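Residue-level listing of the chains:
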Amino acid sequence: MTTASTAKKPGGARVAVQRFGTFLSGMIMPNIAAFIAWGFITMLFIPAGFFGAKSPFGWHWAPVAEIIGGGGDAATIGWPGAATALTANADGSTYQGYVGLVSVMITYLLPLLIANTGGRMVYGARGGVVATIAVMGVIVGTNIPMFLGAMIMGPLAAYITKQMDRIWDGKIRPGFEMLVNNFSAGILGMILAIVGFFAFGPVFLGISTVLGGVVGWLVDLHLLPLLSIIVEPAKVLFLNNAINHGVFTPLGIQQATETGKSILFLIEANPGPGLGLLLAFTFFGVGAAKASAPGAIVIQFLGGIHEIYFPYALAKPMTVLALIAGGAAGVTTNMIFGGGLVFPAAPGSIIAVTAAAIGAGPGNLLVVYLSVAVAAVVTFLIAGVILRASRKRDLAAEGGDDAFAAAIDQTEANKGKESAALGGLRSRTSNDVTASADRDVEGALGGLGGAVATKQLNTIVFACDAGMGSSAMGASVLRNKIKKAGIEGVTVTNQAIANLDGTADLVITQNQLTDRAKAQNPDAIHVSVDNFMNSPKYDEVVEMVRSQHEAK
């Protein structure tokens, strides 16, 4: 037997944009490590990097920088076997220069990873393979990094593959399945690669040129800070992923390739506005919001989980104006002094921002720090005025904590799923902890007795939309409980729901996601929780596993 809450079926344009943004971020986020690797290689080995010929620290590491960063004269350096290409000098003469890692990774590796991930999201490993082949045609059909093409052509190629397979599903003679599957995917991939080269490549190049022109126009007219009017409210409503991962990240990568850094990476990821808002609630808030704000600062500023401050903005909608002003102030600071990041900062932690900023030199890092500080101060001052103006009213009002709890619930409703970070925030209000515990205990694991008797629990998976944030925290909580109980031989991991492959014995999800997890892995035992951080069901799971192991 499984335990689950009835899944809500929200609708409307906002939810559609959220789902689109979730899909886009699902292609980007699993590959962030590759972006970071490229960023560090760029930071260290390009001519203006730490170890390049024009190192700001004078740390030229010759000839390694010229080989890894690219551009070194192969005839002079003489490193055998490395890839070279015809390279032009400033005077127009040419030589065989090392290709290096920087340009190859940005041109081929990163777009192909995105394409493969997008293809897998649509149609598993088979979709990922065909998507990679198809996007290769788009890449070589253009002369710029083709992230936008990968994010569109990859899922499209996988979808076409899925529809193709339906044509002869169940009609292949036994013994010919592998032959048909491999040749059909190979032929379709070839066709899509050719179409991508001649048709999609020029189209995506045109789209990228238009979007880049719009950004350039905003920069030239000093209007880039106005984007905060869209971005900051969109963050609170969880509509930012479509903008950030669909537009800012692809254009930012292209800009960073050309100039070494990009301001676009900081428009959404700047932790300053959230820090300023939480500081304002720390000093001028009331009730549960004031008590929980200092802890939320650690999660938001150091952990990079920005969603932790969204309930505070929803509890006082006027403070969104402070977030807009702070965001605009941060963008203005970077625009005036030339601040930017070498690669995307994900999550938007000050630690990630530091790593992504230092590559462009210590001066750039100071500018980025200044933009974070300015954004935080502006947000703090404006939010402080707003909170002070209503402080007496808030203190006199009854049910203030209930209003903040309602804002947390509204934030989760905006997100379309529950969050471990928000669950931990909720747990700081005593009334809501009781309610949460009651909801968790109701219909908890009592019905699992029969299932446990016949199914050995060796693999437990926490599943959420992306498989990286809230589920990772939940898995860590249960893993520690199992370790303290002295139980061995049980694996606790976290995955995206879309990646559930049927190998899990028990799947733990938040209430709204349980039905999706059941459809993906129907043979597993499914447990629903209100939040991943403090569910009492974890103790029952540990007890069941202990009973099984003692019975062996």
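About the cut-offs
Residues numbered from 1 in each chain as written. Predicted model: local features only at pLDDT ≥ 70, side-chain atom pairs only at ≥ 80, totals over all residues. Heavy atoms only, no water. Helix = DSSP H or I, 4+ residues; strand = E, 2+ residues; numbered from the N terminus. Contact = heavy atoms within 4.5 Å. Areas by Shrake-Rupley, 256 points an atom, 1.4 Å probe, with all protein chains shown as cover. Axes fitted to C-alpha atoms, helices over the stretch in contact; angles between N-to-C directions. Parallel < 35°, antiparallel > 145°, perpendicular 65-115°, else oblique. Left-handed = near helix turned anticlockwise from the far one by under 90°. Nonpolar A, V, L, I, M, F, W, Y, C, P; charged D, E, K, R; others polar. Salt bridge = Lys/Arg side-chain N within 4 Å of Asp/Glu carboxyl O. Buried < 20%, exposed > 50% of the residue type's maximum accessible area, 1.4 Å probe, protein only. Core = buried A, V, L, I, M, F, W, Y, C linked by side-chain atoms within 4.5 Å. Pairing = 2+ DSSP bridges. pLDDT = per-residue confidence, 0-100. Phe/Tyr/Trp six-rings, centres within 6.5 Å; stacked < 30°, edge-to-face > 60°.

**Q** Whenever I open this one, the overall build of the chain confuses me. Can you help?
**A** The helix and strand tally for the chain stands at 24 helices and 6 strands. Intrachain contacts of the chain at a sequence separation of at least 6 include 70% that bridge at least 24 residues. In the structure as shown, the chain presents an accessible area of about 24200 Å², 65% of it carried by carbon and sulfur atoms.

**Q** Help me out: how do you make sense of the packing of helix 5 (residues 102-140) against helix 6 (residues 147-167) in this one?
**A** Each packed pair of helices is defined by two parameters, the angle between the axes and the distance between the axes. Taken N-terminus to C-terminus, the directions of helix 5 and helix 6 make an angle of 30°; their axes are 9 Å apart at the nearest point. As judged from the angle between their axes, helix 5 and helix 6 are roughly parallel. Crossing geometry of helix 5 relative to helix 6 is assigned as right-handed. By residue class, the composition of the contact of helix 5 with helix 6 is 21 nonpolar, 6 polar and 3 charged.

**Q** Would you take a moment to explain the pattern of salt bridges for this structure?
**A** Opposite charge on two side chains allows them to pair when their charged atoms are near. A full pass over the atoms with the stated rule returns 3 salt bridges. Where D165 meets R126, a salt bridge forms, and the shortest distance between an N and an O atom there is 2.7 Å. With D165 in helix 6 and R126 in helix 5, this pair connects stretches of sequence that are 39 residues apart. Using a relative accessible area of 21% as the deciding quantity, one classes R126 as partly exposed. In this structure, the salt-bridge partner of D539 is K481, at a minimum N-O distance of 3.1 Å.

**Q** Got a minute to help me understand the nonpolar core in this structure?
**A** Side chains of a nonpolar character, in soluble globular proteins, are inclined to be buried together. W38, I114 and L341 are the most contacted members of the largest nonpolar core, which totals 50 residues. In terms of residue count, helix 5 provides more of this core than any other element does, 13 residues in total. Residues in contact with W38, not counting those within four places in the same chain, are V102, M105, I106, L110, I253, A256, T257, V342 and F343. Within the second largest apolar cluster, 25 residues are counted, among which are L275, F281, I324 and V372.

**Q** Please clarify how the sheet that holds strand 4 (residues 491-496) should be interpreted in this entry.
**A** Hydrogen bonds between backbone groups are what pair the strands of a sheet, and the pairing can be parallel or antiparallel. The strand order 4-3-5-6 describes an open sheet built from 4 strands, whose pairing is parallel. At either end of the open sheet lies a strand with only one pairing partner, and these are strand 4 and strand 6 (525-529). Adjacent strand axes in the sheet meet at a mean angle of 25° when their direction is disregarded. The sheet strands contacting helix 24 (residues 537-551) are strand 3 (459-464), strand 5 (506-510) and strand 6, and the helix crosses strand 6 at an angle near 155°.

**Q** Which parts of the structure should I look at to understand the confidence of the model for the chain?
**A** In regions of low pLDDT, the predicted coordinates are not meant to be interpreted in detail. Counting all residues, the mean pLDDT for the chain is 83, and 82% of those residues have values of 70 or more. Taken together, the stretch residues 430-444 has pLDDT below 50 and engages in 23 contacts with residues farther than four places along the chain or on a different chain. Per-residue pLDDT stays below 50 along residues 449-453; that stretch engages in 5 contacts with residues further than four places along the chain or on separate chains.

**Q** What's the story with the pairing of strand 6 in this structure? I'm lost.
**A** Sheet faces and side chains relate simply in a regular strand, where the side chains alternate between the two faces. Most of strand 6 sits inside the fold, with 5 of its 5 residues counted as buried. A two-sided burial pattern is seen for strand 6, the buried positions comprising I525, V527 and V529 on one face and H526 and S528 on the other. Taken together, the 5 bridges between strand 5 and strand 6 define a ladder with parallel strand orientation. From the neighbouring strand, L506 faces strand 6, where its bridge partner is I525.

**Q** Can you help me understand the packing of aromatic side chains in this one?
**A** Between two aromatic rings, the relevant description is the distance of the centres plus the angle of the planes. Enumeration over the complete set of coordinates arrives at 17 aromatic pairs. Look at F50 and W59: their rings are 6.3 Å apart centre to centre, the planes differ by 85°, and that puts the pair in the edge-to-face class. Residue F50 is classed as buried on the basis of its relative accessible area, which comes to 13%. Classification of W59 by relative accessible area gives partly exposed; the value is 44%. Cluster of aromatic residues (ring-pair linked, three or more members): F45, F50, F51, F57, W59 and W61.

**Q** Sorry, what's going on with the packing of helix 6 against helix 7 (residues 177-220) here?
**A** Relative orientation of the contacting elements helix 6 and helix 7 amounts to 150°, with a least axis distance of 9 Å. Comparing their axes, helix 7 and helix 6 come out roughly antiparallel. By crossing handedness, the relation of helix 6 to helix 7 is classed as right-handed. Between helix 6 and helix 7, the contacting residues are L148, G149, I152, M153, L156, A157, I160, T161 and M164 on the first element and S184, A185, L188, L192, G196, F200, F204, I207, S208 and L211 on the second. Across the contact of helix 6 with helix 7, the residue classes break down as 14 nonpolar, 5 polar and no charged.

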